[in-house]
Amino acid sequence: MSKKIESIDRRDFVKKSGLGILGAALAPSLLARLKAGERLRTAHIGLGGMGMADLDAISSHASVDVTALCDVDSVNLAKAKALHPNAKVYADYRELLKEMGDQIDAVVVSTPDHTHAPASIMAMEMNKPVYCQKPLTHHVSEAREMSQLAAKKNLVTQMGIQVHSFYDYKLATLLIQSGIIGKVHTVRAWSPKDWGYDGPEPAGSDPVPATLDWNLWQGTAPERPYKEGFYHPGNWRKVMDYGCGTLGDMGVHIFDTPYNALELDVPRTIINECREPTGFGFPANNVVTYEFPGTKHTAESLKWVWYDGIGAPEAHEDLMLPNGDKLPDQGAMFMGEKGRLLLPHFQQLPRKIVDGKYVEMDIESFNLGKPVKDYAAESNKHYHQFVDACLGKGETTAPFSYASRLTETILLGVIAGRFPNETLHWDSKKAKFAEKKANKFLKGKYRKF
């Protein structure tokens, strides 16, 4: 058993980290520097697999200087440092922000989910634009706070849902909003990935690798012993203290286009059909059904069903394809008044289905600035959009004002997994469930570390 954990309020955490009063005193301002033709100086927090991909993409922009690097794993840090030898290196993002505040212009957060909000909010309170990986946060309360803070400070922000900027997803949005299948009444989305764990919490502990600062890796999450193969690297998505399961991983990507195309807000009800909670790992298989208020693109209300885990999705007539074709491994299906639209994940064009047959669409009439044959987007497009917005050139398409609502929707489904087969009723204005027992999972206490 670990020692008793000292927990603190999120706002107290910032104050006690010594960063709460920074920001206003930082000089010169980003705007003044950019007007003088300066380059964008970036700091990168989290340099694992996705963190390195983010680093490579952001740094490929011609106007970026990578100024600071941070990771709790010295192996990851060394790899990044070799690519950017002039950057200063840190293990603790709090020290980076405190020491480099006046030498960085924007921050990229690519840590495990539980550190997204603590690191991002610190940077935002210092008036730094932030690119944060998905899901935006680990808790609903954090998502709302990040959106409010970005608006208050008028910051450039972007969530790392790269496919949001891909041609095929933009096309699907235009098709749906054109009314190509009429008002949509149901969406079914799926991923057979298995970021769940149905076994018991591991017993005992293993020696912490010499290259890893385990205390910093846990960050604000509850303290627990290190166990090889369960957390770092790679498996933390399965554990409730650190990740958000398959729904919080692939769900964000696959939800994004239907959510955006239908202009949805957060749901009214949520039910998750899954096994009983263990308090440690997420269920390996989930069927989550949401009911959303209607929009101009939907029926009076919208039903949304998410399937994940090995074998997903469950067989359903809505998902039957013409000619006995097999469903794409991951994707979404829109059901409307005039037919269905299949959107595979990813880099495959959507397909219209009416009366059990594929229907050709006049895709060329939806002008997205490039021929259909070139529909695959540049891999760095979403990242460069963030950099350009920081430089005063255009806007981001997945700012925290949007990303927070999408993330909230995802996280409500994750919380519903703690109450299997029970319908939860969400009051968006009050940010509370009608079922009081569920409200304690909307936020978490930050451990002092």
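Just above sits the structure.
Below, the structure is looked at part by part. Since this is a predicted model, take the numbers as computed values, not measurements. (Residues numbered from 1 in each chain as written. Predicted model: local features only at pLDDT ≥ 70, side-chain atom pairs only at ≥ 80, totals over all residues. Heavy atoms only, no water.)

Looking now at the packing of aromatic side chains. All chains considered together, the criterion is met by 22 aromatic pairs. Relative to Phe-386, the ring of Tyr-131 has its centre 5.7 Å away and its plane inclined at 70 degrees; by these criteria the two rings are edge-to-face. Residue Tyr-131 is found in strand E6 (residues 130-133), and its partner Phe-386 is found in helix H11 (residues 381-390); the two are separated by 255 residues along the sequence. Phe-386 carries the same exposure label as Tyr-131, and that label is buried. Above the plane of the ring of Phe-449 lies Arg-94, whose end atom (NZ or CZ) is 3.8 Å from the centre. (Phe/Tyr/Trp six-rings, centres within 6.5 Å; stacked < 30°, edge-to-face > 60°. Helix = DSSP H or I, 4+ residues; strand = E, 2+ residues; numbered from the N terminus. Buried < 20%, exposed > 50% of the residue type's maximum accessible area, 1.4 Å probe, protein only. Lys NZ or Arg CZ within 6 Å of the ring centre and 35° of its normal.)

Taken in spatial order, the 10 strands of this open sheet run E15-E14-E13-E12-E8-E11-E10-E9-E16-E17, and their pairing is mixed. On the outer flanks of this sheet lie strand E15 (357-359) and strand E17 (432-433), each paired with one strand and no other. Against the sheet, helix H8 (residues 167-177) makes contact with strand E8 (184-191), strand E12 (331-336) and strand E13 (339-344), and its axis sits at roughly 165 degrees relative to E13, the strand it touches most. (Pairing = 2+ DSSP bridges. Contact = heavy atoms within 4.5 Å. Axes fitted to C-alpha atoms, helices over the stretch in contact; angles between N-to-C directions.)

We now examine the nonpolar core. Core analysis: the biggest nonpolar cluster contains 99 residues, and Leu-96, Leu-97, Val-107, Trp-304, Phe-334 and Phe-433 have the highest contact counts within it. Of the residues forming this core, the biggest block, 10 residues, is contributed by helix H12 (residues 400-416). Judged by nonpolar contacts, the second largest core, of 20 residues, contains Ala-57, Ile-58, Val-64 and Phe-386. (Core = buried A, V, L, I, M, F, W, Y, C linked by side-chain atoms within 4.5 Å.)

Relative to the elements of secondary structure, Thr-157 occurs in strand E7 (residues 157-160). A residue is classified by how much of its surface remains accessible, and Thr-157, at 3% relative accessible area, is buried. Excluding its chain neighbours within four sequence positions, the residues that come into contact with Thr-157 are Val-130, Ala-150, Phe-386, Thr-396, Ala-398, Pro-399 and Phe-400.

Here we come to the pairing of strand E11 (residues 298-308). Of the pairings in the sheet, the one linking E8 to E11 comprises 7 bridges and is parallel in character. Directly across from Ser-191, in E11, lies its bridge partner Asp-308. Bridge count between strand E10 (residues 286-293) and E11: 8 bridges; the pairing is antiparallel. By the bridge assignment, Tyr-290 is partnered in E11 with Trp-304. Here E10 hands over to E11 after 4 residues, the two strands then running antiparallel side by side.

Quick look at the environment of Asp-362 now. Within the secondary structure, Asp-362 is located in the loop between E15 and H11. Asp-362 sits in the exposed class, given a relative accessible area of 55%. Measuring from C-alpha to C-alpha, the distance between Asp-362 and Leu-175 comes to 10.0 Å, with 187 residues separating the pair along the chain.

Okay, the sheet that holds strand E4 (residues 88-90) next. Pairing is parallel across the open sheet formed by 6 strands, whose spatial order is E4-E3-E2-E5-E6-E7. In this open sheet, the two edge strands, each paired with only one partner strand, are E4 and E7. Averaged over all pairs of adjacent strands, the angle between strand axes in this sheet comes to 20 degrees, irrespective of strand direction. When strand E5 (residues 106-109) meets E6, the two strands line up parallel, connected through 3 bridges. Each residue of the ladder has a partner; that of Val-107, found in E6, is Val-130. Packed onto the sheet, helix H3 (residues 49-59) meets strand E2 (40-45), strand E3 (64-70), E5 and E6 and runs at close to 160 degrees relative to E3. Its contacts with the sheet place helix H6 (residues 116-125) against E2, E5 and E6, and it is angled at close to 175 degrees to E6.

Of the strand pairs in this sheet, strand E9 (residues 269-273) and E10 are connected by 5 bridges, and their pairing is antiparallel. Bridge assignment links Thr-269 to a residue of E10, and that residue is Glu-291. Direction of pairing for E9 relative to strand E16 (residues 424-427): antiparallel, over a ladder of 2 bridges. Along E16, the bridge assignment pairs Ile-270 with Leu-424.

What follows deals with helix H7 (residues 140-153). Over its 14 residues, H7 runs 20 Å from end to end, which matches the ideal 20 Å to within 8%, given 1.5 Å per residue. Taken residue by residue, H7 has Val-140, Glu-142, Ala-143, Glu-145, Met-146, Ser-147, Leu-149 and Ala-150 as its buried positions. (Expected span 1.5 Å × (residues − 1).)

Direction vectors running N to C along H6 and H7 enclose 15 degrees, while the axes themselves pass 10 Å from each other. In this view, H6 runs roughly parallel relative to H7, as classed from their interaxial angle. Regarding H6 and H7, the two cross each other, and that crossing is left-handed. Within the contact between the two elements, H6 uses Ala-117, Pro-118, Ser-120, Ile-121, Met-124 and Glu-125 and H7 uses Glu-142, Glu-145, Met-146, Leu-149, Ala-150 and Lys-153. (Parallel < 35°, antiparallel > 145°, perpendicular 65-115°, else oblique. Left-handed = near helix turned anticlockwise from the far one by under 90°.)

Secondary-structure assignment places Met-52 in helix H3. With residues up to four places along the chain from it excluded, the contact list for Met-52 reads Leu-47, Ala-80 and Leu-83.

Applying the stated rule across the entire model yields 15 salt bridges. The salt bridge partner of Glu-408 is Arg-144, with a shortest N-O separation of 2.7 Å. You can see Glu-408 sitting in helix H12 and its partner Arg-144 sitting in helix H7, a full 264 residues away along the chain. For the salt bridge of Lys-227 with Asp-206, the shortest nitrogen-to-oxygen distance reads 3.8 Å. Note that Lys-227 is positioned in the loop between helix H9 (214-218) and helix H10 (245-261) and Asp-206 in the loop between E8 and H9, a separation of 21 residues in sequence. By relative accessible area, which is 19% here, Lys-227 ends up buried. (Salt bridge = Lys/Arg side-chain N within 4 Å of Asp/Glu carboxyl O.)

Turning our attention to the packing of H3 against H11. One can describe the packing of H3 onto H11 by two numbers: an axis separation of 9 Å at closest approach and a directional angle of 60 degrees. Classified by the angle their axes make, H3 and H11 are oblique. Remark: the crossing between H3 and H11 carries right-handed chirality. Side by side, H3 and H11 meet where Met-50, Ala-53, Asp-54, Ala-57 and Ile-58 of the first sit next to Tyr-383, His-384, Phe-386 and Val-387 of the second.

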